[in-house]
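In case you want the letters, here they are:
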Amino acid sequence: MTTGRFHALLRRPEQGRTAFLELFFDLVFVLAFFQLSQQLLEHLSWTGAFQTLVLLLPVLHLWAATTRLLDAFDPRHPLVQLLTMPIIFGTLVLAAAAPEAFGRRGLVFAGAYLTIRLGGLAIAIHVLRGHEAQRSAVRIFFWVGMSAPAWIAGALLPDTVRAALWMTATVAEYAALALGFPTPKLGRHGPRRLEIVVSEEHLAERYQQFFIIALGEPILVTGLTFANGEFGADRSTATVLAFATTALLWRIYIHRAGELLAGALAASHNPLRVGVLVLYAHVIMVAAIVAVAVGDEIVITHPLGHPDPAWIAVILGGPALFLAGRAIFEYGVFGRMSLPRVIGALALLALTPRMRPAPPLAAATTAALILTGVAVADALRTRRLPSEQPSPPG
């Protein structure tokens, strides 16, 4: 165990509840998601979607990695709070640079990301001397360091090369996570532990809170877009649909698996695998929420406008992507795929080309109806199996 003056900085098992510091850290991601949704809206094409994904993936990885790092420390300690402030400010800079990350602010985006990741890990390695979690921090530092040249080189090269290099760096980090961060001399994480200090309940709670923060993005976009125009019948109907869609995403998320994640982590013989599945599922679901926010703005701004294939794709594709991520989440908790979610996602994808002649309001109505069907199917399953328990894979 860690000894000396740094021992007081570590979080004790009884401090498993989420602290105000962690919630304060989450707030900066509201700006990040808003910036990314605007980036996608302004560049609504396959290239724009890919660039938005390239920016979103490291942002989500940053949240997951920093959250895991904060798990090890006492968030009520003044020094921990002081050291966390630069991470929060750095994330703010990262979010501010995102819209121009493929323009004049590429180096700012890459530099902010690497400074936060490497700086935070370096401090953790120093503070965790003698603690078993130090080996975990060293492994992650190694992999972030391996990806650093691609981040810097990408920032100095043209957009197309930049996107390819940054995506390669991001995918390498996500793959390293799935593989247990294999590192020379240290090996990899064992499959039977997550190497976290606090309880599974705290980890599950942090995912739930972050998902709610992400849902704040479509709520914000819906309110701002509706406020910037006439309160006519068509725009009012579109706003109701946008809010209903967000509420349905919330309802589908929390149903059973969202409530039983902690139990799944505790019951699994391979919690690392479950943890990776849950992280990947949340990455997909948050990416979907960003797309949903873009769709909401389109529907409210042009409810009966001339249809655009890109508009219909994002309006239906966002909910479809969410259902796909939620199906993976379901598998991580129960070891099975939820059939209603799979059917709903496939139906949305199948309807996308058929809905191209329809106005945005019709596409949004279709998406809301399919999500409602999934929510109703969830309720019926709960009636049949009221006490279903977690049964994670592996």
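Rules and cut-offs
Residues numbered from 1 in each chain as written. Predicted model: local features only at pLDDT ≥ 70, side-chain atom pairs only at ≥ 80, totals over all residues. Heavy atoms only, no water. Helix = DSSP H or I, 4+ residues; strand = E, 2+ residues; numbered from the N terminus. Rg over C-alpha atoms; globule rule 2.2 N^0.38 Å. Buried < 20%, exposed > 50% of the residue type's maximum accessible area, 1.4 Å probe, protein only. Areas by Shrake-Rupley, 256 points an atom, 1.4 Å probe, with all protein chains shown as cover. Lys, Arg positive; Asp, Glu negative; His and termini not counted. Charge placed at Lys NZ, Arg CZ, Asp CG, Glu CD. Salt bridge = Lys/Arg side-chain N within 4 Å of Asp/Glu carboxyl O. Axes fitted to C-alpha atoms, helices over the stretch in contact; angles between N-to-C directions. Parallel < 35°, antiparallel > 145°, perpendicular 65-115°, else oblique. Contact = heavy atoms within 4.5 Å. Nonpolar A, V, L, I, M, F, W, Y, C, P; charged D, E, K, R; others polar. pLDDT = per-residue confidence, 0-100. Expected span 1.5 Å × (residues − 1). Core = buried A, V, L, I, M, F, W, Y, C linked by side-chain atoms within 4.5 Å. Patch = residues over 30% accessible without salt bridge, like charges linked within 9 Å, V, L, I, M, F, W, Y side chains within 5 Å. Phe/Tyr/Trp six-rings, centres within 6.5 Å; stacked < 30°, edge-to-face > 60°. Bend = angle between axes of the 7 residues up to and from the residue. Polar contact = N/O pair within 3.5 Å; in protein donor to acceptor, adjacent residues only side chain to side chain. Left-handed = near helix turned anticlockwise from the far one by under 90°.

We now examine the overall build of the protein chain. Per the secondary structure count, the protein chain includes 12 helices and 0 strands. From first element to last, N terminus to C terminus, the protein chain shows the α and β order α-α-α-α-α-α-α-α-α-α-α-α. Against the globule reference of 21 Å for 394 residues, the protein chain gives a C-alpha radius of gyration of 21 Å, in line with a compact fold. Overall, the protein chain is about 65 × 55 × 35 Å in size when its C-alpha atoms are taken along their principal axes. Evaluated residue by residue, the protein chain yields a buried proportion of 54% over its 394 residues. When the accessible surface of the protein chain is summed, it comes to about 16,900 Å², and 68% of that surface belongs to carbon and sulfur atoms. Of the side-chain charges in the protein chain, 30 are positive and 24 negative, and the distance between the mean point of each set is 8 Å.

With respect to the helices and strands, the residue Leu41 is situated in helix α1 (residues 20-42). Judged by relative accessible area, Leu41 falls into the partly exposed class, the value being 22%. Distance from Leu41 to Val294, taken between C-alpha atoms, is 5.9 Å for residues 253 residues apart in sequence.

Let's shift gears to the pattern of salt bridges. Scanning the entire structure with this criterion turns up 6 salt bridges. The partner of Arg341 in a salt bridge is Asp378, and the shortest N-O contact between them spans 2.8 Å. Of this pair, Arg341 sits in helix α11 (residues 339-354) while Asp378 sits in helix α12 (residues 360-384), and the two are 37 residues apart along the sequence. Here the salt bridges share partners, and the residues they tie into one network are Glu22, Asp26 and Arg206.

At a minimum axis distance of 9 Å, the contact between α1 and helix α3 (residues 78-97) shows a crossing angle of 5°. Taken together, the axis directions place α1 and α3 in an arrangement best described as roughly parallel. Residues Leu21, Phe24, Phe25, Val28, Phe29, Leu31, Ala32 and Gln35 of α1 form the contact with α3, whose own contacting residues are Val80, Gln81, Thr84, Met85, Ile87, Ile88, Thr91, Leu92, Ala95 and Ala96. Looking at the contact of α1 with α3 residue by residue, the class counts come to 14 nonpolar, 4 polar and no charged.

Confidence in the prediction for the protein chain averages 87 pLDDT; 93% of positions are at 70 or higher. Looking across the protein chain, the model is least confident in helix α8 (residues 233-267), with a mean pLDDT of 88, and most confident in α11, with 94.

A separate point is α3. Taking 1.5 Å per residue as the helical rise, α3 with its 20 residues ought to reach 28 Å, and the 29 Å between its terminal C-alpha atoms agrees with that figure. Turning to α3, its buried residues number three or more, namely Val80, Thr84, Ile87, Ile88, Gly90, Thr91, Leu94, Ala95 and Ala97. Those residues of α3 that are buried lie in contact with α1, α2 (46-70) and α4 (106-127).

A separate point is the environment of Ala163. Summarising the element assignment, Ala163 is placed in helix α6 (residues 159-178). Along the backbone, Ala163 and Tyr253 are 90 residues apart, and their C-alpha atoms lie at a distance of 31 Å. Not counting the four nearest positions on each side in its chain, Ala163 is found in contact with Phe50, Val54 and Phe102.

On to the nonpolar core. With 123 residues, the main nonpolar core has Phe29, Phe33, Phe73, Phe109, Trp166, Phe322 and Phe329 as its most contacted residues. A per-element tally of this core places helix α9 (residues 271-301) first, with 19 residues.

Of note, Thr366 is situated in helix α12. When its relative accessible area of 16% is taken as the criterion, Thr366 is described as buried.

Among the surface-exposed residues, Leu107, Ile152, Leu156, Leu157 and Val161 lie close enough to one another that they form a single nonpolar patch of about 410 Å² accessible area. Relative to the helices and strands, Val161 is located in helix α6.

Moving on, we come to the packing of aromatic side chains. Applying the stated criterion across every chain, the model contains 17 aromatic pairs. Seen in terms of ring centroids, Phe142 and Trp143 are 5.9 Å apart; in terms of plane orientation they differ by 90°. Their pairing is edge-to-face. Aromatic rings pair up to connect Phe25, Phe29, Phe33, Trp63, Tyr207 and Phe210 into one cluster.

If you check α8, its first and last C-alpha atoms are 51 Å apart, about what 35 residues at 1.5 Å a residue would give, namely 51 Å. A maximum bend of about 55° is found in α8 at Leu261.

Let us now look at the side chain of His255. Position of His255 relative to the elements: it lies in helix α8. For His255, a relative accessible area of 6% gives the class buried. A polar contact is formed between the side chain of His255 and the backbone oxygen of Asp378, at a distance of 3.3 Å. When neighbours within four sequence positions are excluded, His255 is seen to be in contact with Arg326, Arg341, Asp378, Ala379 and Thr382.

Okay, unusual backbone geometry next. You will see that Phe181, though not glycine, has its phi angle at about 50°, which is positive. Given the relative accessible area of 4%, Phe181 is considered buried.

At a minimum axis distance of 11 Å, the contact between α2 and α4 shows a crossing angle of 15°. Judged by the angle between their axes, α2 and α4 are roughly parallel. In terms of crossing hand, the pair formed by α2 and α4 is left-handed. Contact residues: α2 offers Leu55, Pro58, His61, Leu62, Ala65 and Leu69, while α4 offers Phe109, Tyr113, Ile116, Arg117, Gly120, Leu121 and Ala124. Residues of the contact of α2 with α4, tallied by class, amount to 10 nonpolar, 2 polar and 1 charged.

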